[in-house]
Every structure is written in C-alpha cells, then in structure tokens.
Amino acid sequence: MYGHIPILKLFAVIFAFFFISIQIKQLIGVLYTVLTAKFFCMKCETVSLFGLLLTKHDDKWEYTPGKPSALCNVNIKVDIDQVKEKSAKELERKEKLFSIIQRCILVAVSVLLVFLFRGFMIKGLTLKGSILEVFAAYLAFGMCFHTLSSIIIYIYTYQVAMKKLGGYSQSFINRLRNGESFESFNMKPLSQLEFPNATKWEKGLYNTLYAEYLLATDNIDELYTVAGELTQLNMDSEYMLQLTPAYYFLIFWYSRYDLNTQLAKHFLDKCITTISADKDANGKRVLAYYAFGIEQDFLKARKYLNEAFGVIDKFSVGAERDLEKKLLWELDKFLKEKGY
C-alpha cells in the first residue's frame, strides 16, 4: 500500500501543475475577457470551453456542442462601433492596458494561492507532505509559473515580437482599422520579407492578411502560392479559435478557385462548430461558396448568400467590408447564371 504513495504523489504533481493550474489560468482569461472586452474597444463573441462553443448573438449566449477539447479559448474582435472614433495610438494603449490588467489578476490569484497554502508549501513541493498537500503546493506553484510565463510572453510580444513579422502584420491590421484600403498596402510575399525566424503563428497571420490583400487586388495567381503555404501550416494542426480566419480562407479557396472537395471538407470539418454558429457575413459567405462549389447545392448557396447580405453592414469596416461585398456579389452573379 505504502509503495504506491510516491506514484500517487507524482500524479498529483502532474495533475495540479500541468492541467488544473493551466485551466484556472485559461478560465480566468476567458472570464476576464467576457466581462471587460467592451471597455477596451473590443467585443467577445465566441468562447470555447473544453469543446463546448458559446456564441453571443444580440446580447444572448447560445450553446453549441462541439468536439471535446482540453483547451479553453476565447476569441475577441475589434468593436467597430467604438473604433470609429479612436486613433490608432489610443487603440494600442487600450490593448496594452487590457493585457496588463489580465496579468495583474493572474498575479493576484497566484499570490492568494501561495498565501492560502503557505503552511505546507515546502513539504508539498519536496513531496514530503500528504497527497493533498502535494497537490495544493503544486497548484499554487503552477499558477505562479504560468503567470510568470504569461508576463514574459507579454514583454516578448511588445518588446520583441512587435519588431518581427507579428508586429509587421499588426501594422497592417491597424491601418485597416484606420480606414486605409488594401490597394495602399503594397504587401509582399513572405519570401521577399526579411523575417527568417518567423514562427508558424506569425506566418499564418501574415499570409491570411496577405490573402485578403491579393483577393482585393485581384492577384489570383499569387494566391495559389499563399493558399499552399496556409494549407501546409494548418493541415495537421489542432483547431483553435484564433486560427479561424485562415480556415475560412482555405474553405473558400478550395470551394471557389482551386476546387478540391477533400481539402475544403477537411478544413470545414475542423471548424464546423465555429462556422455553424457564426452569424457574421464572412462565415455565411464561406458556407455559401462551399455549397456552390463543393456540394453543388445552389438553393443552399442562395440561402447562405441571402443571410450574408442581411448582415453585411454589421461586418467589420472599410476595406474588409468592401472586400466581403465584392465576394458576395460575385457569388450572386454565379448563382443567377445557374438560374438561382
């Protein structure tokens, strides 16, 4: 009996440090975002809790069962009704303040856990205490560790990454928010940019923006290369809400320009829970093109297209909305040619 205690303690360490503390950190982030995003010119419309998708429509949350996941995610967007009257610098300040407050909350929770479990932190961390003491100690230690990691990531993001490809991409996002057109961007392929150490996420973000730029400027030939790179980046990765724009583009691409039933379905299956609950024009447009190009169901395509037209004036602003309208009217033309 006593021989099993070290193994149980090891399980307690792993469970507390690698799972529970991480989930507490994630849930704090989700709750904080849901409650405060509106005060920072953002809005939270989608939350994923272990695969359960919550989508906000007309100030009401709707629940959609999805594939089980060990992750909790929240997806936030810029609130277009607020950003119209804000400068780029003011929006950047609000974004930084949002991140700083979130990390201050994590610090407070970590300190509270250490205080509550202070009586057996040493015994627990050295595995000399009971299983419950080991669990509590490593829960507090895990929160401290993951909080520190979050602070380091924040510092890295604003002091280092903003000078890399991620920051370069963010500059284009800020310009879109300020009302500039895609045509003014003069974006280049990744191969022509001097970011040799870009991460997978940075490449995905840039190429998704670059794909929008190419669509807006009718450079379809170059889109084949970009679509190939995005396909390779996302083919085998686990779906996350933050990757949604890339998946939407790939479904659209393989349903509109480079017809490929297998790939279109592959990426649709990955984000099916999210896109099924999406009430925005871009989600409806992607489903409309999929119905048109892959399923050859023109009635379904027309249904989704009409739904997209019904909410287009609520989608994004400026150049992004103009691009969305352009893609919708193209499909409208295709459907009319088919008699629908």
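Throughout what follows, the structure given in this document is the object of discussion.

### Considerations on the sheet that holds strand β3 (residues 60–64)
Here comes step 1: Ordered by their spatial adjacency, four strands build an open sheet running β3-β2-β1-β4, and the pairing between neighbours is antiparallel. Each edge of the open sheet carries a strand with a single partner, namely β3 and β4 (72–78). For this sheet, the mean angle separating the axes of adjacent strands, direction not counted, is 25°.
Here comes step 2: Here strand β1 (residues 42–49) runs beside β4; their pairing, made up of seven bridges, is antiparallel. Across the sheet, residue S48 finds its bridge partner in β4, namely N73.

### Considering the environment of L250
Here comes step 1: As for its placement among the helices and strands, L250 is situated in helix α9 (residues 244–256).
Here comes step 2: Between the C-alpha atoms of L250 and Y138, which are 112 residues apart in sequence, the distance is 42 Å.

### Comments concerning the environment of Y156
Here comes step 1: Checked against the element boundaries, Y156 lands in helix α5 (residues 131–159).
Here comes step 2: On the basis of relative accessibility, which here comes to 37%, the residue Y156 falls in the partly exposed class.
Here comes step 3: A sequence separation of 113 residues divides Y156 from K43, and the C-alpha atoms of the two residues are 25 Å apart.

### A word on helix α12 (residues 281–293)
Here comes step 1: Over its 13 residues, α12 runs 18 Å from end to end, which matches the ideal 18 Å to within 8%, given 1.5 Å per residue.
Here comes step 2: Counting buried residues in α12 gives 13 out of 13 residues, a clear majority hidden from the surface.

### Quick word on the pairing of strand β2 (residues 52–57)
Here comes step 1: Across four bridges, β1 lies against β2 in antiparallel orientation. When the bridges of β2 are listed, L49 appears paired with L52.
Here comes step 2: Counted between consecutive antiparallel strands, the loop separating β1 from β2 contains two residues, among which F50 sits at a positive phi close to 55°.
Here comes step 3: Count of turn residues in the β2/β3 antiparallel hairpin: two residues, of which D58 carries a positive phi of about 50°.

Cut-off values and rules
- Residues numbered from 1 in each chain as written.
- Predicted model: local features only at pLDDT ≥ 70, side-chain atom pairs only at ≥ 80, totals over all residues.
- Heavy atoms only, no water.
- Pairing = 2+ DSSP bridges.
- Helix = DSSP H or I, 4+ residues; strand = E, 2+ residues; numbered from the N terminus.
- Axes fitted to C-alpha atoms, helices over the stretch in contact; angles between N-to-C directions.
- Buried < 20%, exposed > 50% of the residue type's maximum accessible area, 1.4 Å probe, protein only.
- Expected span 1.5 Å × (residues − 1).

Take it as geometry only, folks, not as evidence of what the structure does.
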